[in-house]
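Okay, here's what each chain looks like letter by letter:
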Amino acid sequence: MRHWPKILILLLSLLFTQTDVAIAGDDSLHQIQVLLISNNFVEKTQAVSLLALHSHPRTEEILKAFLEGELYYRKSDKLLLIAKKQGRQYSISDALTGDELGVVKKREIKKIRSNNALRKKIRIVLARKELNSVDPTVRYQAVNAMLGNPDVGITSQLQDRLKLERDQKVRNILELALAITRLEGGEKEDRLSAVAAVSGSLEPVIRSKLESIVVDDPIEEVRVAAKESLNKISAKLQFYSFLETLFFGLSLGSVLVLAAIGLAITFGVMGVINMAHGELIMLGAYTTYVIQKAMPEFIGVSILFAIPAAFIVSGLVGILIEQTVIRHLYGRALETLLATFGISLILQQAVRSIFSPLNRSVVTPDWMSGSLEINSVLSLTYNRLYIIFFCLLVFVILFLILKRTSLGLQVRAVTQNRAMARAMGVRSSWVDAMTFGLGSGIAGVAGVALSQLTNVGPNLGQAYIVDSFMVVVFGGVGNLAGTLISGFSLGIANQFLEPWVGAVLAKIFILIFIILFIQKRPRGLFPQKGRSAEG
Amino acid sequence: MLALNVLKKTAVGLAAAAVLSGSAQAAGDTIKVGVLHSLSGTMAISETTLKDTVLMLVEEQNKKGGLLGKKLEAIVVDPASNWPLFAEKARELIEKEKVSAVFGAWTSVSRKSVLPVFEELNNLLFYPVQYEGEESSKNVFYTGAAPNTQAIPAVDYLMNDIGVKRWVLEGTDYVYPRTTNKILEAYLKAKGVSEKDILINYTPFGFSDWQSEVSRIKKFGSAGKKTAVVSTVNGDANVPFYKELGNQGVSAENIPVIAFSVGEEELSGIDTKPLVGHLAAWNYFMSVDSEENTAFIDAWHAYIKDKKRVTNDPMEATYIGFNMWVEAVKKAGTTDATAVQEAIIGIAVPNLSGGLSAMMPNHHITKPVLIGEIQADGQFEIVWETSGLVAGDAWSDYLPGSKDIIADWRAPLSCGNYNVKTGKCSGQNF
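Residues numbered from 1 in each chain as written. Chains lettered and ligands numbered in written order. Predicted model: local features only at pLDDT ≥ 70, side-chain atom pairs only at ≥ 80, totals over all residues. Heavy atoms only, no water.

On to the nonpolar core, then. If you look at the biggest cluster of nonpolar residues, it comprises 94 residues, and the most contacted ones within it are Leu36(B), Leu124(B), Phe126(B), Met324(B), Trp325(B) and Ile344(B). When we break this core down by domain, the ones giving at least three residues each are domain 1 (30-145 + 293-365) and domain 2 (148-288 + 370-391) of chain B. Grouped together as the second largest cluster of nonpolar side chains are 66 residues, Leu280(A), Ile326(A), Met470(A) and Ile510(A) included. (Core = buried A, V, L, I, M, F, W, Y, C linked by side-chain atoms within 4.5 Å. Buried < 20%, exposed > 50% of the residue type's maximum accessible area, 1.4 Å probe, protein only. Domains from an automatic or database assignment.)

Accessible area lost upon the coming together of the parts is a frequently used measure of interface size. All names here are of chain B. The domain boundaries assigned to chain B delineate domain 1 (30-145 + 293-365) and domain 2 (148-288 + 370-391). Here the C-alpha centroids of domain 1 and domain 2 sit 28 Å apart. Facing 25 residues of domain 1, the contacting portion of domain 2 comprises 23 residues. When residues of domain 1 are sorted by the area they lose upon contact with domain 2, Gln130, Glu132 and Val310 head the list and together hold 27% of the total. At the junction of domain 1 and domain 2, the tally comes to zero salt bridges. Across the contact surface, domain 1 and domain 2 share seven residue pairs in polar contact (both at pLDDT 80 or more). With four residues, the single largest contributor to the side of domain 1 that touches domain 2 is helix 10 (residues 291-304). For the side of domain 1 that touches domain 2, the residue count by class is ten nonpolar, ten polar and five charged. (Contact = heavy atoms within 4.5 Å. Buried area = accessible area lost by both parts, 1.4 Å probe. Salt bridge = Lys/Arg side-chain N within 4 Å of Asp/Glu carboxyl O. Polar contact = N/O pair within 3.5 Å; in protein donor to acceptor, adjacent residues only side chain to side chain. Helix = DSSP H or I, 4+ residues; strand = E, 2+ residues; numbered from the N terminus. Nonpolar A, V, L, I, M, F, W, Y, C, P; charged D, E, K, R; others polar.)

At the interface, 43 residues of chain A touch 41 residues of chain B. Summing the contributions of chain A and of chain B, the shared interface buries around 3,400 Å²; its carbon and sulfur component is 40%. Along the contact surface separating chain A from chain B lie six salt bridges. Glu253(B) serves as the salt-bridge partner of Arg119(A), at 3.9 Å between the closest nitrogen and oxygen. Counting every contact that joins chain A to chain B gives 18 residue pairs in polar contact (both at pLDDT 80 or more). Looking at the side of chain A that touches chain B residue by residue, the classes come out as twelve nonpolar, 21 polar and ten charged.

Right, let's get into unusual backbone geometry. The amide bond that connects Ala411(B) to the next residue, Pro412(B), takes the cis arrangement and shows omega of 5 degrees. In this structure, Pro412(B) sits in the loop between strand 17 (405-408) and strand 18 (415-419). Even without glycine at this site, Lys78(A) takes up a positive phi of about 60 degrees. Looking at where Lys78(A) falls in the secondary structure, it is placed in the loop between strand 1 (71-74) and strand 2 (80-86). With a phi close to 55 degrees, Ser81(B) is a non-glycine residue in the positive phi region.

For the rest of this paragraph, the subject is the sheet that holds strand 5 (residues 140-142) of chain B. All names here are of chain B. The strand order across the open sheet formed by five strands is 2-1-3-4-5, and the pairing between neighbours is parallel. Pairing within the sheet leaves two strands with one partner each, and these edge strands are strand 2 (71-77) and strand 5. Neighbour-to-neighbour, the strand axes of the sheet open up by a mean angle of 25 degrees, direction not taken into account. Relative to strand 4 (residues 125-127), strand 3 (residues 101-104) is paired through two bridges, and the arrangement is parallel. Within strand 4, the position partnered with Val102 by the bridge is Leu125. (Pairing = 2+ DSSP bridges. Axes fitted to C-alpha atoms, helices over the stretch in contact; angles between N-to-C directions.)

Geometry of an aromatic ring pair is reported as the spacing of the ring centres plus the angle between the planes. Considering all chains together, one arrives at 30 aromatic pairs over all chains under this definition. Here Phe247(A) and Phe248(A) contribute two aromatic rings whose centre-to-centre distance is 6.2 Å and whose plane-to-plane angle is 50 degrees, an arrangement assigned as tilted. Neither residue differs from the other here; Phe247(A) and Phe248(A) are each classed as buried. One aromatic cluster in this structure is built from Phe103(B), Phe126(B), Phe141(B), Phe322(B) and Trp325(B). For Lys169(A), the ring lying beneath its charged end belongs to Tyr140(A), and the centroid distance is 4.5 Å. Over the ring of Tyr202(B) we find Arg178(B), and its NZ or CZ is 4.0 Å from the ring centre. (Phe/Tyr/Trp six-rings, centres within 6.5 Å; stacked < 30°, edge-to-face > 60°. Lys NZ or Arg CZ within 6 Å of the ring centre and 35° of its normal.)

Here we take up the layout of surface pockets. Residues and elements named next belong to chain A. Within this model, the second largest pocket holds a volume of roughly 1,100 Å³. Lining the second largest pocket we find 41 residues, and of these Gly268, Val269, Thr415, Gly478 and Gln528 sit closest to its centre. Within the residue set of the lining of the second largest pocket, elements represented by two or more residues are helix 10 (220-269), helix 13 (333-355), helix 14 (382-404), helix 15 (406-416), helix 17 (428-450) and helix 19 (480-520). For the lining of the second largest pocket, the class distribution of residues is 20 nonpolar, 13 polar and eight charged. (1 Å grid on protein atoms, 1.4 Å probe; cavity = no way out; pocket = protein on both sides within 12 Å on 5 of 7 lines; lining within 4 Å. Points joined across faces, edges and corners; volume = space filled by probe spheres on them.)

Taken as a whole and assessed by the stated rule, the structure comprises 34 salt bridges over all chains. Beyond isolated ion pairs, a larger network of salt bridges with shared partners links Arg119(A), Arg123(A), Glu253(B) and Glu373(B).

Turning next to the side chain of Thr364(A). Summarising the element assignment, Thr364(A) is placed in the loop between helix 13 and strand 6 (371-373). At 3.3 Å, the side chain of Thr364(A) and the side chain of Gln452(A) are in polar contact. Among the polar contacts listed, one links the side chain of Thr364(A) to the side chain of Lys243(B), at a separation of 3.5 Å. When sequence neighbours within four positions are dropped, the list of residues in contact with Thr364(A) reads Ser369(A), Gln452(A) and Lys243(B).

Residue and element names in this part refer to chain A. Taking 1.5 Å per residue as the helical rise, helix 9 (residues 204-216) with its 13 residues ought to reach 18 Å, and the 18 Å between its terminal C-alpha atoms agrees with that figure. Listed in full, the buried residues belonging to helix 9 are Ile206, Arg207, Ser208, Lys209, Leu210 and Ile213. Taken together, the buried residues of helix 9 touch helix 7 (168-183), helix 8 (188-198) and helix 10. (Expected span 1.5 Å × (residues − 1).)

As a further point, take the state of the cysteines. All names here are of chain B. In this structure the tally under the stated criterion is one disulfide over all chains. Sulfur-sulfur distance for the disulfide between Cys415 and Cys425 comes to 1.9 Å. Torsion about the S-S bond of the Cys415 and Cys425 cystine: about 95 degrees, corresponding to right-handed handedness. Residue Cys415 is located in strand 18, and its partner Cys425 is located in strand 19 (residues 424-425); the two are separated by ten residues in the primary sequence. Here Cys425 falls in the partly exposed class, since its relative accessible area comes to 29%. (Disulfide = S-S within 2.5 Å.)

Residue and element names in this part refer to chain A. Here strand 1 runs beside strand 2; their pairing, made up of three bridges, is antiparallel. Counterpart to Tyr72 in the pairing with strand 2 is Leu81. Counting the residues between successive antiparallel strands, the hairpin from strand 1 to strand 2 contains five residues, one of them, Lys78, with a positive phi of roughly 60 degrees.

Residues and elements named next belong to chain A. Across the interface, helix 10 lies against helix 18 (residues 460-475) with an axial gap of 8 Å and an inter-helix angle of 70 degrees. In this view, helix 10 runs roughly perpendicular relative to helix 18, as classed from their interaxial angle. In this structure, helix 10 meets helix 18 at a crossing whose hand is right-handed. Facing Val255, Leu256, Ala259, Ala260, Leu263, Ala264 and Phe267 of helix 10, the residues of helix 18 in contact are Tyr464, Asp467, Ser468, Phe469, Val471, Val472 and Val473. Grouping the amino acids of the contact of helix 10 with helix 18 by side-chain chemistry returns twelve nonpolar, one polar and one charged. (Parallel < 35°, antiparallel > 145°, perpendicular 65-115°, else oblique. Left-handed = near helix turned anticlockwise from the far one by under 90°.)

Residue and element names in this part refer to chain B. Given a rise of 1.5 Å per residue, 14 residues ought to cover 20 Å, and the 20 Å separating the end C-alpha atoms of helix 10 matches this to within 8%. The secondary structure elements touched by the buried residues of helix 10 are helix 2 (44-63) and helix 11 (313-332). Following helix 10 by one or two positions, Lys305 adopts a phi angle in the positive range, close to 55 degrees.

This part takes up the domain arrangement of chain A. Under the domain assignment used here, chain A contains domain 1 (26-117), domain 2 (131-218) and domain 3 (240-532). Summarising the inter-unit geometry, the C-alpha centres of domain 1 of chain A and domain 3 of chain A are found 50 Å apart.

Strand pairing in a sheet relies on backbone hydrogen bonds, with the paired strands running either antiparallel or parallel. Residues and elements named next belong to chain B. Strand order in the open sheet formed by seven strands is 7-6-8-9-10-14-15, with mixed pairing between adjacent strands. Each edge of the sheet is formed by a strand with only one pairing partner; in this case those strands are strand 7 (198-203) and strand 15 (380-385). With direction set aside, neighbouring strand axes in the sheet form an average angle of 25 degrees. Across two bridges, strand 9 (residues 257-259) lies against strand 10 (residues 279-282) in parallel orientation.

Our next topic: the confidence of the model for chain A. Per-residue pLDDT for chain A averages 84, and the proportion of residues at 70 or more is 93%. Throughout residues 14-24 of chain A the model reports pLDDT below 50, and contacts reaching past four residues in sequence, or to other chains, amount to zero contacts. (pLDDT = per-residue confidence, 0-100.)

Residue and element names in this part refer to chain B. Taken N-terminus to C-terminus, the directions of helix 7 (residues 211-220) and helix 8 (residues 238-247) make an angle of 50 degrees; their axes are 9 Å apart at the nearest point. The pairing of helix 7 with helix 8 is recorded here as oblique in orientation. Every pair of crossing elements has a handedness; the one defined by helix 7 and helix 8 is right-handed. Counted together, Gln211, Val214 and Ile217 of helix 7 and Phe241, Glu244 and Leu245 of helix 8 form the full contact between these two elements.

So this is what it looks like as structure tokens:
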């Protein structure tokens, strides 16, 4: 038993050091808590720095809650809480232990506010913690968040990670991140190899670092290498920016086509100048709003339900307008114009009275927000991507209806020769109502799409009526394919002009162009030929 | 038939009441104030709230016993967002209704439209909205922010506290953004920001296709220097703007947007998630922690009978303007316009952020400037404020045409457009 005393001492010392650590931990935790609750952002920043270094197992949860705006404290005892909103109350849990503490009223707790600088700092801290996550995409994002960040210790942390990393994608970005750190300072060879390593990367951080090297670096060779690398990058950038503008053009074009395609039927095929077309779009947008209100639990799919609903609502209103007003005014263009203008005012006021003059907020479902990142300079926003596809889909369906169904056949027959069609037993008045309903319904569907892009308010329709007529007239009255091509070309032209001359002038130029074009070709891009062309 | 009878009776009753009140007014035991805010049309969204604010203030003043022993009576007219109609309605208020002062107007163009009427008929207009400056009328009291009590401190904050080096000045294409951006551009250049670090851009009213604009901002902001957007984008064009910023991944942490026209009222009813962290500069936020503010919010909720309604900066400006007028009338002992004009200069009343705002000789007032970050609940977290109050400057010191001009409505100068270099007073000298 000679060893007893030794063991005893060992055990005792172990015990002591343990409690020592625990006490120190509590102390610094208390300090962090005080700093966090402070109203001073400098002190809060200190708290985040301390938390980052702290060994407490829940630091990550606390920081995440802080980032999400869910970190609170209890007014009575200043206890740090993580609170989640539940209706009008908050369910709280102890931030340090994770114990559930039940549900409280807003009055009992106070939010720990953060600001941009603080959120940015937390993101970096979290990224450093997530660097060793099991999920490679999390690791990738973590490194991405740290690109070009000069914080102390990041370089060595990245180097350590690179030694362990197996995933190729993460390795690449790790190497890139390390190359960025080598770009500044270090030996000439270091900088040269770094310039070579980052060559061709599109990250904005790299571009700005290279730019400063081109100006500031003392060694000629490095400057030249950086310059070359920059030239390569800007060539790539130009290409991607061209692609981006093209996408913007297609997207604006798809909006124009969607807004105009219903009009292409009512105005183009039937010859009715329908000034209330914009309001039919607006009704579609409001239908989306109502559907979302009716099913708040299923925002994600509500928009899919809204499409048929908007078609039916706008289509029925369209048929009603046709039956009560337009039917009596066929062949009298000016009177139709005035009457439908009146209807548009009535519809606007009706919406104002029912829904208030304020804009309504239509929620964008999660699957439609954000963007598809092709690379760090080119990303396509999901809502617009979906709308382009949706526009093409609507076009194809409409085209098929007109070309392949008996209704389509009758519509074409009536527009070509009304008297003859009636002689053949086509109920022309029924066909008129159905066609107008179809055109109006499509306008409603366009409203669903527009509710995702713009404000849903009583004036929504007015913003699109001029554009719609422009597209139909430019494309050639009575020609669906013409509408499609004209919408997309006007959209693309507008987006290519906009960076040059600004949004206001771009629109003016487009209008001037159309006026001149109509002077030269009054029947638009694709005039109707042969029998269907009016005398 | 019964319903019709009831209707008839009510109509007769109403007519009788109108006649009665008409005769009561003629007897002259009320002091009338005009409320000239659009209750229909595009501006109704913003202006209706201010009408309600004035009505609430009048009611409260009457509960306190009125003014000079008389009850206050608010006369509400609706200029319907129609600028020439503003002038007509102003004339109607002054000539027909014989009001002692008018609270109203929102857009700069409506103010410009009524200005000659107030000067001709010598009445008082209290204008409660932030505006572009470059004006000082004997008959108008500007209780909202001038560029130096909103835009300039906001830029200072971004420059000194956030370290912004590159600037996008994004605005809607009309007079307020254009003038403000002209002032800001001159200011930034005076601070040593080079031409290529400033991008100025305008979009039409109600603009919704923000994709290229945002992409341009993104590219401009990727040059390695900290970039911020100073937004004078007006009205509902803001919603698609912020939505597009969110979709294209422009976060407040990378490129913050500071807005001068986005307040609590504009944020209520839109999805604020993509906006969190973006900034706004005002002289008041609903989240201001002061006793006056809590009392004001409670009074507002009680008056409007809706706990969800928010308060905003133009409401505070209306509150300050109304109280200043009340104090000035008390001091002058009369509601006579000329006497009130003389009495009001130097009068200080509590503002809602816990201080006193005073009417300066140039008819602008002193205010604190606050910067707030948008929170997920549609409120602002105040992240910065000026250490003291800032006095509104009618003529900007940063524009070549107006830096030598001052406004001082005290005798003997009594001029809103006095050139200190030439010693001449031009225009607006009644």
